[in-house]
Amino acid sequence: MTDMQNERKRLLVKISRLYYEDGLNQQDIAKRLGISRPHVSRMLTTARAEGIVNITINNPYSREQGIEQELVETFGILDAFVVSPEEGSEQRFLQQLGRNCAALLESVLKEHDIVGVMAGRTIAAVAAELEYFERDALQFTPLVGGWGSTGSALHANSNTMMLAEKLKSTYWLLHAPAVVASQKTRELLMKEPEIASVLEVARKSTVAVVGIGQVSNEATIVQTGYFGDADLNDVIQKGAVANVCASFLNGEGESIAFSAQTRMIGIDIPELRQHTNVIAVAGGQDKVEAITATLRGKWIDILVTDLETAQRVLAFHKRRSYQRGETIE
């Protein structure tokens, strides 16, 4: 090493120590040494490239984050958050998923965001776990009408109100059922100014928090009376495996037409997807096919789920792709 190279290295070490050990910012270092801030930045980059600085992260979540990265790369979503739930009841499982999503919202939500909110137990868990953080001029709005006469605590209105009250924000309520008796009834309700105005706000959502439902008799949408047997049989016969907002998706993630569509009051996923950052929260073995279909259709930006479900989704997707003769990188 020449004398000049040695002095250059000495300067790199000095700048690295000031930045990483003494806690000075780049502008402070530039002023102290009489050089430009961009030059400090370049030298810090060089110090890392030459091995003068080695950054080690003590990461207790490496397993989960490896799966998160695989989900991002496989499905082309913006991000994924995977939690390893502790052993316990289903309610405990939902609490942990809800807490994970609630922490995410603190990072995602910006001032003046309009937040669309879906019905369901998982979204109710998000609302229950959310803690106050300050954001100005947030608005919360339901994405669908009420889920029948029972299960009111899981309605989109209830979830919307709880989220908004936690953050001391404005909220809207949609005073209409999610499914009505006839197309004519829907048309009449859609003409009501109060209902139309709330749906217009929902269409302008900049962020949406949604669940992903499986299509079966055990699904919450059925258990709460949201869908009757005839409606459920119709979507199953048409290949539906997932329910997101007011839409049903087949195994490839394609939005399908169904008979109850003309009787539904709410925002469907293609309409929402146009300009909204869609965050989906879902987990459990019974949701694997539904989550996979939703990811395949590229209907969401961020997925919050648990480790076992995430691993099963990746395996299910690869197996289905192999059966279809698709190439998996």
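Just so it is clear, the structure is predicted and the values come from calculations on it, not from any experiment. (Residues numbered from 1 in each chain as written. Predicted model: local features only at pLDDT ≥ 70, side-chain atom pairs only at ≥ 80, totals over all residues. Heavy atoms only, no water.)

A.B. asks: Sorry if this is basic, but what is going on with the packing of aromatic side chains here?
C.D. replies: The full count for this structure, using the stated rule, is two aromatic pairs. Relative to Y20, the ring of Y19 has its centre 4.9 Å away and its plane inclined at 90°; by these criteria the two rings are edge-to-face. We note K168 situated over the ring of Y132; from NZ or CZ to the ring centre the distance is 4.6 Å. (Phe/Tyr/Trp six-rings, centres within 6.5 Å; stacked < 30°, edge-to-face > 60°. Lys NZ or Arg CZ within 6 Å of the ring centre and 35° of its normal.)

A.B. asks: What should I look at first to understand the side chain of Q214 in this one?
C.D. replies: Structurally, Q214 is set in strand 6 (residues 213-214). For Q214, a relative accessible area of 9% puts it in the buried group. Within the structure, Q214 has its side chain in polar contact with the side chain of D286 (distance 3.1 Å). When residues no more than four places from it in sequence are discounted, the contact partners of Q214 are A219, V241, D286, K287 and A290. (Helix = DSSP H or I, 4+ residues; strand = E, 2+ residues; numbered from the N terminus. Buried < 20%, exposed > 50% of the residue type's maximum accessible area, 1.4 Å probe, protein only. Polar contact = N/O pair within 3.5 Å; in protein donor to acceptor, adjacent residues only side chain to side chain. Contact = heavy atoms within 4.5 Å.)

A.B. asks: What is the right way to read the sheet that holds strand 7 (residues 240-244) from this model?
C.D. replies: Within a sheet, adjacent strands bond to each other through the backbone by hydrogen bonds, running parallel or antiparallel. Pairing within the open sheet is antiparallel, and its three strands lie in the order 6-7-8. A single partner strand is all that each edge strand has here, and the edge strands are strand 6 and strand 8 (247-250). Note that strand 6 and strand 7 share two bridges and pair antiparallel. For G213, the partnering residue across the bridge sits in strand 7 and is N243. Against the sheet, helix 13 (residues 288-296) makes contact with strand 6, strand 7 and strand 8, and its axis sits at roughly 75° relative to strand 7, the strand it touches most. (Pairing = 2+ DSSP bridges. Axes fitted to C-alpha atoms, helices over the stretch in contact; angles between N-to-C directions.)

A.B. asks: Got a minute to help me understand the packing of helix 5 (residues 90-108) against helix 6 (residues 121-129) in this structure?
C.D. replies: Between helix 5 and helix 6, the least distance of the axes is 7 Å, while the angle of their chain directions is 60°. Here helix 5 is positioned oblique relative to helix 6, judged by the angle of their axes. The element helix 5 and its partner helix 6 pack so that their crossing is right-handed. Where helix 5 abuts helix 6, its residues E90, L94, Q95, G98, R99, C101, A102 and L105 lie against R121, T122, A125, V126 and E129. (Parallel < 35°, antiparallel > 145°, perpendicular 65-115°, else oblique. Left-handed = near helix turned anticlockwise from the far one by under 90°.)

A.B. asks: Is there a simple way to explain the pattern of salt bridges in this structure?
C.D. replies: Oppositely charged side chains are able to pair whenever their charged atoms sit close together. Counting across every chain of the model gives 14 salt bridges. Ionic pairing is found between E50 and R8, a salt bridge with its closest N-O pair at 3.4 Å. With E50 in the loop between helix 3 (37-49) and helix 4 (62-75) and R8 in helix 1 (residues 3-21), this pair connects stretches of sequence that are 42 residues apart. Residues R92 and E86 are paired through a salt bridge, measuring 2.9 Å at the closest nitrogen-oxygen approach. Salt bridges here are not isolated pairs; linked through shared partners, they connect E200, R203 and E271. (Salt bridge = Lys/Arg side-chain N within 4 Å of Asp/Glu carboxyl O.)

That's the geometry; what it means functionally is another story.
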